[in-house]
Protein chains: 2
Amino acid sequence: MYHGGILSVDDEDKAVVLLSGGLDSTTVLALATREHAEVYALSFSYGQRHGVELEAARRIAKSYGVREHVVVEIDLRRFGGSALTDDIPVPKDRSNEESAASIPPTYVPARNTVFLSFGMAWAEVLGARSLYSGVNAVDYSGYPDCRPEFIAAFEVMANLATKAGVEGRRLALRAPLIEMQKSEIIKLGVELGVDYGATHSCYDPGEAGEACGRCDSCGLRRRGFEAAGLQDPRGA
Amino acid sequence: MYHGGILSVDDEDKAVVLLSGGLDSTTVLALATREHAEVYALSFSYGQRHGVELEAARRIAKSYGVREHVVVEIDLRRFGGSALTDDIPVPKDRSNEESAASIPPTYVPARNTVFLSFGMAWAEVLGARSLYSGVNAVDYSGYPDCRPEFIAAFEVMANLATKAGVEGRRLALRAPLIEMQKSEIIKLGVELGVDYGATHSCYDPGEAGEACGRCDSCGLRRRGFEAAGLQDPRGA
């Protein structure tokens, strides 16, 4: 329908996407931009060692023409407790099974809860009805806040917490990759035209932002491309 | 039992208290210090107009000898949407009924969710098993995230989100004031020896930090002291 040049976007057409700049969240952004007329990307600067991720997030948000990209600074280092923000060594050269077997030292306390809370706040202000996260229960089975039961409980809580939820304009928390293997995610992204060369995955990059190739995240990515039978545009 | 001079504090004896520096959270802090050997206070600098609250929180945390007081800076202004952080006028001269009848413009999107998420993160790092909040459903019936059903849903979510919850060391989210009238809270605090002269309640203080006397928060406080038959040490 022609609206006299003004495209009317209702709340159903607005979505907030949590974007780390990694492979998973970039795939989710690609999905969301297919589904929604207005997409808003939200990233966090939380004292992570791999700040190069944020540069990737900025470039990716721009390339997808998101309506707005907000980077919120939060200092989770105040509480300590993780290799991603502290000086605990990042584990290297572990198999998928080893990295999934236990809660890893790279676990950041309550990180997804904090991130989703901010996403929820922005969704409420925008009137957006969808909040997307790239959480994945397969690769990160050691992270409690990457499981479907956590996502479901967060959605229930979110709709009790907000004006919109109380007034019947429910927020849907969407985690489309949660049950997918890394190779399936990569195949989906390639279908959607994702440029994985722009994404960053390493927990422990070098000075110039280059991937270490040996941390859990690099390992998952390499084995994901191998299983998909595809070449990683960032190199092996 | 004598521990050779070292008092053993297990996780049950540690608590995190969300402390705004207002009347309710100060009463909760007084309660928590009776119940737990080690109390940690958590405050937020979130672009609120009433930054004088934080000064009150610092003095109160010190006077209760908390183990540590952390003030986390988070910028909820990035998302807009509230009179407490934006330039929307703070409503004045409303009755308790008027201020409770609808969601007020001073509502900050997802504020309690964000605050509790940080509290949960710190509790996990500390190994604390209790997280206290001064939320109140009576005075703030217009705020969705001050209701018992929200608190219950947050607790469920929190115990699915964290390593501690997954491993059976459940976090209890305690909101001891949630069903109390302001006058009951004040009477309880006076019994506990709370110095309400040190607390700050106003949404719209003057340059020197003095209460306006006319916002919803000042009105609730004044009528609470009146109903309790007590004198507010901060003056009428």
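Below you will find a few notes about this structure. Being a predicted model, the structure only gives us computed values, none of them experimental.

### As for the relation of the copies chain A and chain B
Between the two chain copies there is a screw-like relation: a rotation about an axis and a shift along it.
Right, so step 1: Overlaying chain A with chain B gives an RMSD of 0.0 Å, the required rotation being 180 degrees about an axis along which the chain moves by 0.0 Å. One copy is carried onto the other by what is essentially a two-fold rotation axis.
Right, so step 2: Both copies contact each other with a shared surface, as 100% of the interface residues of chain A are interface residues in chain B too.

### With respect to the pairing of strand β1 (residues 14–18) of chain B
Residue and element names in this part refer to chain B.
Right, so step 1: Burial analysis of β1 places four of its five residues in the buried class, the great majority of the element.
Right, so step 2: Where β1 lies against strand β2 (residues 38–45), five bridges are found, and the strand directions are parallel. When the bridges of β2 are listed, V17 appears paired with A41.
Right, so step 3: A crossover connection joins β1 to the parallel β2 through helix α1 (residues 23–35); in handedness this β-α-β unit is right-handed.
Right, so step 4: Where β1 meets strand β4 (residues 130–132), three bridges bridge the pair, whose relative direction is parallel. Among the inter-strand pairings, A15 is bridged to a residue of β4, identified as S130.

### Quick notes on the sheet that holds strand β1 (residues 14–18) of chain A
Residues and elements named next belong to chain A.
Right, so step 1: Read from one edge to the other, the open sheet built from five strands follows the order β3-β2-β1-β4-β5, with strand pairing classed as parallel. In this open sheet, the two edge strands, each paired with only one partner strand, are β3 (68–73) and β5 (172–174). Taken over all neighbouring pairs, the strand axes of this sheet differ in orientation by 20 degrees on average, direction set aside.
Right, so step 2: Here helix α2 (residues 52–63) sits on the sheet in contact with β2 (38–45) and β3, set at roughly 170 degrees to β2.

### A closer look at the interface of chain A and chain B
Many analyses report the size of an interface as the accessible area lost when the parts associate.
Right, so step 1: On the chain B side, the residues contacting the 38 residues of chain A number 38 residues.
Right, so step 2: Within the residue set of the side of chain A that touches chain B, elements represented by two or more residues are β3, α4 (111–126), α5 (148–161) and α6 (163–166) of chain A.
Right, so step 3: Residue classes in the side of chain A that touches chain B are distributed as 24 nonpolar, seven polar and seven charged.

### Regarding the sheet that holds strand β5 (residues 172–174) of chain B
Residue and element names in this part refer to chain B.
Right, so step 1: Here five strands make up an open sheet; going across it, the order is β3-β2-β1-β4-β5 and the pairing parallel. At either margin of the open sheet sits one strand with a lone partner, and together these are β3 (68–73) and β5. Averaged over all pairs of adjacent strands, the angle between their axes in this sheet comes to 20 degrees, without regard to strand direction.
Right, so step 2: One ladder, built from six bridges, connects β2 with β3; its direction is parallel.

### Focus: the environment of D139(A)
All names here are of chain A.
Right, so step 1: By the element assignment, D139 lies in the loop between β4 (130–132) and α5.
Right, so step 2: On the neighbour-count criterion, D139 (25 C-beta atoms within 10 Å) is buried.
Right, so step 3: Put simply, D139 and E210 are 71 residues apart on the chain and 22 Å apart in space, counted from C-alpha to C-alpha.

How each quantity is defined
- Residues numbered from 1 in each chain as written.
- Chains lettered and ligands numbered in written order.
- Predicted model: local features only at pLDDT ≥ 70, side-chain atom pairs only at ≥ 80, totals over all residues.
- Least-squares fit on C-alpha atoms with pLDDT ≥ 70 in both.
- Contact = placed C-beta atoms within 7 Å.
- Buried ≥ 20, exposed ≤ 12 C-beta atoms within 10 Å, placed from the backbone.
- Helix = DSSP H or I, 4+ residues; strand = E, 2+ residues; numbered from the N terminus.
- Pairing = 2+ DSSP bridges.
- Right-handed = clockwise from strand over helix to strand, strands pointing away.
- Axes fitted to C-alpha atoms, helices over the stretch in contact; angles between N-to-C directions.
- Nonpolar A, V, L, I, M, F, W, Y, C, P; charged D, E, K, R; others polar.

Geometric values such as these leave the question of function open.
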